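Summary of structural features
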Amino acid sequence: MKISIIDIGSNTIKLVIYDVKRDNSFIGVHQESSKVRLGESLAYSESLNEQSILKSIDVLLLYRDIARLQSANKVICVGTSAVREAKNGKYFIDQVFKKTGLRVRVLNGQEEAYYSYLGASISTCIPNGLYFDLGGGSLEIVYTEDFKIKKAQAFPLGALRLTRTFASQDGSFSKKDCDNMTQKIVDTLPTKRSYGIGIDTLLVGVGGTLRALGRYHQKRAGFPFEKIHNYRLTLSAIDWLRRDVSYLKTSEISSRWSFDSTRVETIVAGIYVIQSIMTNLDFEEVVISGYGIREGILASFIQNSNTLENHNIENLQKQNLKVLSYHCNKHDISHFGLDDMMRDMIYYRLLKEREVEILSYALYTLSRLPETNKHYGLFYRLLDEDYPRLTYREQVILALSIVYSKKIRTAEELFYKYSHLLKPQNLKSIQKIAILLNLATIIIKTGSQIRIRLTENQKMIITIIPKQKLFPTILLKQVIEKASVVFDIPIQYDIPNRIIRVNNSTNKIISVKSQT
């Protein structure tokens, strides 16, 4: 099923068409963005001007045709701050329906904050977070504890709005302009105390300005991958960018930086908002989310097709928790029947909790990706995936672990190629996760049970109980022998009619019993 989301913002109108799978996961298959500056006139008027309305309708006609050509089963069209604040907002909505047949659902500030948070949260799965979405007309902020929303507010601090209010006619800012704009931002933003922000809270940002800054920083830092989701920007990096662009004309910014045309005019104001959030609310870094309001609306719609007709904020918050529960738990190791084994391996200090987390994502990935022997292509495809909770380093470890489980030499070549993103000890983690992937594949495909226990004389016993008569004992032997090297543990395992021992320097023994 294909669902099209059209987001009418103050600066741009965006279209994304998603392919929704049977398991309710989704992926964007087509994307468009058009700068219309619908909210530009609101800086000096209370109404949308006729020219921007007509331009918006032309864009929406185009998007309607694209959605039809792509055979979208449903088109959802939403309007945000520009439409809801304009006195002639209803006139705009009526004209859009008359000319295009599209019904525009205008989100209030709290709804916009909720959907934006939901989109970012399902893709990061950060339980304690301060989420912000910086758009052209408004800034939405949501504070959460254990995935429960404590505060959700919208502020008139959009990058286009601030630019039109404080910039000179040529779009540039003087020092006085920047000082006045900073004071406006600081006076409007909430305080850390008013939100009761905890010490374990992470800052997560959404919006085109933040993504543009992240991409620029990646190029300057020599980051080797074209991927922005889950990238982290420090306050010092943001401050450096602010000092570099504050007093330049838009033409100078465009010629010196690779920002796209929709971002050049508003990048300075956007930087000041982001820096003020980080400074005032005491954050040293921000996690960039590649997902936001459109993905939040989609995920909510999949859960309940009447979601946009529901104006009850309390019901919307309950639905958000259901959506988050699904998206943030579907990668859990328990889905593979290996949770007891993993808990034991953590208990006996064979694995760390983060290694188990990476292993669970690796198993989930292998369960849905087609088989391939093109290992380099597989590695880069895995890096293009979006994994909640994993840092960039951990995602590289995941990709290398999967490749290592298939082709050791290729994985080692890739490890040394990207060693500047890793730590030397990460190679050991990759080897552990890879061998456990091989072992887990045998367990899962044969429907076997696996248990680990520690005997009274401090010997480790792993027991595998197959449910199939034709059990791959030779393959298991090969995997266990490799595991003994990786984990540095002597192994004793039982194959029908014979016992084979693999010893090393420790006193621990692993016994694998195959029963038919």
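It should be noted that the structure appears before, not after, this text.
Residues numbered from 1 in each chain as written. Predicted model: local features only at pLDDT ≥ 70, side-chain atom pairs only at ≥ 80, totals over all residues. Heavy atoms only, no water.

For the rest of this paragraph, the subject is helix H4 (residues 109-124). When the terminal C-alpha atoms of H4 are compared, their 22 Å separation across 16 residues agrees well with the 22 Å that a helix rising 1.5 Å per residue should span. Capping the start of H4 is the job of one residue whose side-chain oxygen sits 3.1 Å from the backbone nitrogen of Gln-110: Asn-108. A positive phi of about 50° marks Cys-125, the residue just after H4. (Helix = DSSP H or I, 4+ residues; strand = E, 2+ residues; numbered from the N terminus. Expected span 1.5 Å × (residues − 1). Polar contact = N/O pair within 3.5 Å; in protein donor to acceptor, adjacent residues only side chain to side chain.)

The subject of this paragraph is the sheet that holds strand S2 (residues 12-20). As summarised here, the arrangement of the 5 strands in space is S3-S2-S1-S4-S5, forming an open sheet in which the pairing is mixed. With partners counted over all chains shown, the strands left at the sheet margins are strand S3 (26-35) and strand S5 (104-106), one partner each. Direction aside, the axes of adjacent strands within the sheet are offset by 20° on average. When S2 meets S3, the two strands line up antiparallel, connected through 9 bridges. The partner of Leu-15 across the bridge, within S3, is Glu-32. (Pairing = 2+ DSSP bridges. Axes fitted to C-alpha atoms, helices over the stretch in contact; angles between N-to-C directions.)

Empty space within the largest pocket amounts to approximately 1400 Å³. Looking at the largest pocket, it is lined by 43 residues, and the ones nearest its centre are Ile-27, Gly-28, Tyr-291, Asp-384 and Asp-386. Only S2, S3, H4, helix H8 (208-221), helix H11 (261-264), helix H13 (293-303), helix H16 (353-368) and helix H17 (375-384) provide two or more residues apiece to the lining of the largest pocket. Considering each element in turn, the lining of the largest pocket owes the most residues, 7 residues, to S3. (1 Å grid on protein atoms, 1.4 Å probe; cavity = no way out; pocket = protein on both sides within 12 Å on 5 of 7 lines; lining within 4 Å. Points joined across faces, edges and corners; volume = space filled by probe spheres on them.)

Under the counting rule described, the total for this entry stands at 6 cavities of 30 Å³ or more. Estimates place the volume of the largest cavity at around 390 Å³. If you go around the largest cavity, you meet 30 residues; those closest to its centre are Asp-7, Asp-133, Leu-134, Gly-135 and Gly-136. Looking at the lining of the largest cavity, the elements that each hand over two or more residues are S2, strand S6 (129-134), helix H5 (159-166), H8 and H13. Here the lining of the largest cavity gets 3 residues from one element, more than from any other, and that element is H8. When grouped by side-chain class, the residues that make up the lining of the largest cavity number 6 nonpolar, 16 polar and 8 charged. (Nonpolar A, V, L, I, M, F, W, Y, C, P; charged D, E, K, R; others polar.)

None of this, on its own, says anything about what the molecule does.
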